[in-house]
Amino acid sequence: MMGSEFCFSNDLLKTLAAEFDSVTFTRAADLAEVVRIRESRGHVPLLLVDEAFISTQADMLAAAQAAGTDMLVLAYGGHPPDHNLLRQGLNDHDPPRLGLLPLNVRIDVLLAMVRLLLCGEILVPETILRSLLTAQHVTPPRIEPIDPAIRDLTRREWEVLALIAKGKQNKIVAAELGLSEHTVKLHIHHLISKLGVSNRTSAAIWFLAQGEAAMLPTDVT
């Protein structure tokens, strides 16, 4: 983590350490300290950065290079980062990949988000994603328009897709639909294949980008 104690408090670090006992969370004050941590501990798979440190795409690249990571996550407590910066980061297919982490959420929600990030998922909170898409600030990455005639998702796959588009974890999706987590994973695998996207995040972006056209059809069986 790169930022001050005001952004990444000692209590937050203790909570994260208790929740993810196999992961080491360390706070760095600046890029130089990030480099020292990397040199002493090796690869840094995920770098959380106080968004106040990042104002340009060059800043993102510098931070990612300092940590030797291809996943950079902007943490913010109030207003989200500048839309232009988000547009650049989300549309850029080259490392570093960009994610967002709101800190002003319930601790259980925050821990769920961190878990997704540690699993390699690119996290963009739904409210920000909807705002960006509505304002046409970003073009959803790597998603080609899909002819309605070839959409062959089942009703259950549509239900799963709608829930993961809300940022819900597999276990929550399973509980709400009365399924096992294994079955939910199978549905996600199938719908990713049918939509022609690369992962569940891209599937969620596709769902949100389609608007009413992506709503569950009444005649899907």
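Structure first, text after, so check above.
## Focus: the sheet that holds strand 3 (residues 97–102)
To summarise the sheet geometry, strands pair through backbone hydrogen bonds and adopt either a parallel or an antiparallel arrangement. Taken together, three strands build an open sheet; the order of strands is 1-2-3 and the sheet is parallel. A single partner strand is all that each edge strand has here, and the edge strands are strand 1 (47–50) and strand 3. The mean angle between the axes of side-by-side strands here comes to 30 degrees, regardless of whether they run parallel or antiparallel. Direction of pairing for strand 2 (residues 71–76) relative to strand 3: parallel, over a ladder of six bridges. Considered in strand 3, the bridge of M71 is made with R97. Set on the sheet, helix 5 (residues 107–118) makes contact with strand 1, strand 2 and strand 3; between it and strand 3 the angle comes to about 170 degrees.

## Brief notes about helix 2 (residues 31–41)
Where helix 2 begins, the capping side chain belongs to D30, and its oxygen is found 3.3 Å from the backbone nitrogen of A32. G42 occupies a position one or two residues after helix 2 and carries a positive phi of about 90 degrees.

## Some details on the pattern of salt bridges
Pairs can form between side chains of opposite charge once their charged atoms are near each other. Counted according to the given criterion, the structure contains five salt bridges. Notably, a salt bridge pairs R106 with D108, separated by 2.9 Å at the nearest N-O pair. Among the salt bridges present, the one from K194 reaches E157, with a minimum N-O distance of 2.9 Å. Linking K194 in helix 9 (residues 181–195) with E157 in helix 7 (residues 155–164), this pair joins segments that are 37 residues apart in sequence.

## Considering the packing of helix 8 (residues 170–177) against helix 9
The N-to-C vectors of helix 8 and helix 9 enclose an angle of 105 degrees; their axes lie 9 Å apart at closest approach. By the criterion of interaxial angle, the relationship of helix 8 to helix 9 is roughly perpendicular. For the pair formed by helix 8 and helix 9, the contact residues are N170, K171, V173 and A174 on the first element and E181, V184, K185 and I188 on the second. Of the residues assigned to the contact of helix 8 with helix 9, the class counts are four nonpolar, one polar and three charged.

## Some thoughts on the packing of helix 7 against helix 9
One can describe the packing of helix 7 onto helix 9 by two numbers: an axis separation of 9 Å at closest approach and a directional angle of 95 degrees. Here helix 7 lies roughly perpendicular to helix 9, going by the angle between them. Residue-level inspection shows R156, E157, V160, L161 and I164 of helix 7 in contact with helix 9, the latter providing V184, H187, I188, H190, L191, K194 and L195. When its residues are assigned to classes, the contact of helix 7 with helix 9 shows seven nonpolar, two polar and three charged.

## A few points about the side chain of Q169
Position of Q169 relative to the elements: it lies in the loop between helix 7 and helix 8. Exposure remark for Q169: the relative accessible area of 18% places this residue in the buried category. Leave out the neighbours within four places in its chain, and Q169 touches A112 and R115.

## Quick word on the environment of C7
Along the chain, C7 falls in the segment before helix 1 (10–19). With a relative accessible area of 12%, C7 lands in the buried category. For the pair C7 and E51, spaced 44 residues apart in the sequence, the C-alpha separation amounts to 9.4 Å. Discounting residues that sit within four places of it in the chain, C7 has contacts with L12, D50 and L103.

What counts, and at which threshold
- Numbering of residues starts from 1 in every chain and runs along the sequence as written.
- Reporting of local features is limited, given that this is a predicted model, to residues whose pLDDT is at least 70; pairs of side-chain atoms are given and counted only at 80 or more, and all residues count toward the totals for whole chains, interfaces and linings.
- Remark: hydrogens and water are excluded; side-chain values derive from all non-hydrogen atoms of the structure.
- Between any two strands, pairing holds if DSSP finds at least two bridges.
- Secondary structure elements are defined from DSSP: runs of H or I of at least 4 residues count as helices, runs of E of at least 2 residues count as strands, and each element is numbered from the N terminus.
- Fitted lines through C-alpha atoms serve as axes, helices being fitted only where they are in contact, and the angles separating the N-to-C directions of these axes extend from 0 to 180 degrees.
- Should any heavy atoms of two residues lie within 4.5 Å, those residues are counted as being in contact.
- Side-chain atoms alone can form a polar contact between residues adjacent in sequence; in general such a contact is a pair of N or O atoms within 3.5 Å, and within protein one must be able to donate a hydrogen while the other accepts it.
- Only one rule defines a salt bridge in this text: a Lys or Arg side-chain nitrogen within 4 Å of an Asp or Glu carboxyl oxygen.
- An angle counts as roughly parallel when it lies under 35 degrees, as roughly antiparallel when it exceeds 145, as roughly perpendicular when it falls between 65 and 115, and as oblique in every other case.
- Only Asp, Glu, Lys and Arg are considered charged in this grouping, and only Ala, Val, Leu, Ile, Met, Phe, Trp, Tyr, Cys and Pro are considered nonpolar; every other residue, Gly among them, is considered polar.
- Each residue gets one of three labels from its accessible area relative to the maximum for its type: buried under 20%, exposed over 50%, partly exposed in between, using a 1.4 Å probe on protein chains only.

Keep in mind that these numbers describe shape and distance, not what the molecule does.
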